[in-house]
Amino acid sequence: MHRAWFVAAVTFVTIIGAAAFRSVPGLLIDPLNDEFDWSRGTIGAAVSVNLALYGLTAPFAAALMDRFGIRRVVAVALTVIALGSGLTVWMTAAWQLMLCWGLLVGLGSGSMALAFAATVTNRWFTERRGLVSGILTAASASGQLIFLPLLSWIVERHDWRPAAVTVALAALAVVPFVWLLLRDHPADVGLKPYGATEFVPKPAPVPGAARRAVTVLFSAARTGPFWLLAGTFAICGASTNGLIQTHFVPAAHAHGMPLTTAASLLAVIGVFDVVGTIASGWFTDRFEARRLLAVYYSLRGVSLLFLPLLLVTPSVQPPMIFFIVFYGLDWVATVPPTLALCREQYGEDSAIVFGWVLASHQVGAALVAFLGGVARDTFGSYDVVWYASGALCAVAALMALVIRRRPMGEATLA
């Protein structure tokens, strides 16, 4: 077996370990509201800072990986996540939640974002890139599957602080594996990338990581496909991380569903997310990425329009199970075709461009994480947020179809 598959496996495990922190925000809204009497809008604002920094850090992290190597950047990122999560156990004011969970965990998680998966895929694979992108994207959902039931049980039985400590320990536990097993480039071990016909020398470190990230942004921003990709991915983030991951558990709990049951449903989304994302990677290797995105966003929008009807009862009925399965299959199925379109349009700079596209994803998530909390405080329910997000998904489907095709040989930012 080619060494690239072992590197992909280590990357998969690394993202799983880092995904523990992604499982916590939705579980903390009610406990923090009860203990500190902070409004859901205030707590949602801290989550939105986390989500925004998760996206805005990603393009710089991709450039830093080119400069300092994947191992160093990822090891530091995991340590920062552990620090931010661990410090929350001593907080007493809302600004401390902003600092620890918003700033520190947001910065660390941004360096562990999908730009990490894109960098590994671009360096180690020339074939099966769609499949590998789908597998690595599914790692985040796998982490959610592992940690959500555990963390919800900890929160319900032992309060939220032990859950925060569990996140810190999970992030720290992965650091040795990253340092010992991950390699930056196939040339480090004298190999060709998987599927390559010729040996590819390791490129020299690229100085000026921040400058390069900004330069690539300005170059990409002069092209129409960048704004269409950024717009569709912003809606993707708004309808997944910002909406369902942050507000589904408190919304279901408000209708009488036990916290552990609601968290378990969210974890089941993670189960089918793995299947859907890997399948999407397989489809991306075989079908046109634009049309795949249009289908994914259309189906997601329709499902969101039915969610308010499914939340009226505290028990888990078959229609709710159908929604969970369906939404799970579609959760981040958008990532492999979006990555493919970035590679098609922007060539060797595609990892950094995707980092900026991911930034838009997280800005969209951040807005809805905040506005969802405000809507809950204002209207007493999340219904208006579900409907608005469903309509936005229809807009994203149309935007995806407008992206023009470009042959791979013409991909350039020059």
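Residues numbered from 1 in each chain as written. Predicted model: local features only at pLDDT ≥ 70, side-chain atom pairs only at ≥ 80, totals over all residues. Heavy atoms only, no water.

Per an unreviewed UniProt entry, the chain goes by Integral membrane protein and derives from Streptomyces azureus.

### A closer look at the domain arrangement of the chain
Let me state the cut-off plainly: Where each domain begins and ends is defined by an automated method or by a domain database. Whether two residues are in contact is decided by their heavy atoms, any of which lying within 4.5 Å being enough. Buried area adds together the accessible area that both of two parts lose upon being put together, with accessible area traced by a 1.4 Å probe. Two N or O atoms form a polar contact when they lie within 3.5 Å of each other; inside protein one atom must be a possible hydrogen donor and the other a possible acceptor, and for residues adjacent in sequence the pair counts only when both atoms belong to side chains.
On domain assignment, one finds that the chain holds domain 1 (3–189) and domain 2 (209–402). Summarising the inter-unit geometry, the C-alpha centres of domain 1 and domain 2 are found 18 Å apart. Each partner contributes residues to the interface: domain 1 has 50 residues there, and domain 2 has 52 residues. Summed over both partners, the interface of domain 1 with domain 2 buries about 4,200 Å², with 69% contributed by carbon and sulfur atoms. The tally of links between domain 1 and domain 2 comes to two residue pairs in polar contact (both at pLDDT 80 or more).

### As for the pattern of salt bridges
Filter applied, for reference: A side-chain nitrogen of Lys or Arg and a carboxyl oxygen of Asp or Glu constitute a salt bridge if their distance falls within 4 Å. Numbered from the N terminus, helices here are DSSP runs of H or I no shorter than four residues, and strands are runs of E no shorter than two. Exposure is judged per residue with a 1.4 Å probe applied to protein chains only, and the accessible area is read against the type maximum: over 50% gives exposed, under 20% gives buried, and values in between give partly exposed.
Within this structure, the stated rule accounts for five salt bridges. Across the pair Arg300 and Asp330 runs a salt bridge, and its minimum N-O distance is 3.0 Å. You can see Arg300 sitting in helix H13 (residues 289–310) and its partner Asp330 sitting in helix H14 (residues 318–330), a full 30 residues away along the chain. This pair shows no difference in class: Arg300 is buried, exactly as Asp330 is. Each of Glu35, Asp159 and Arg161 takes part in a single network of salt bridges with overlapping partners.

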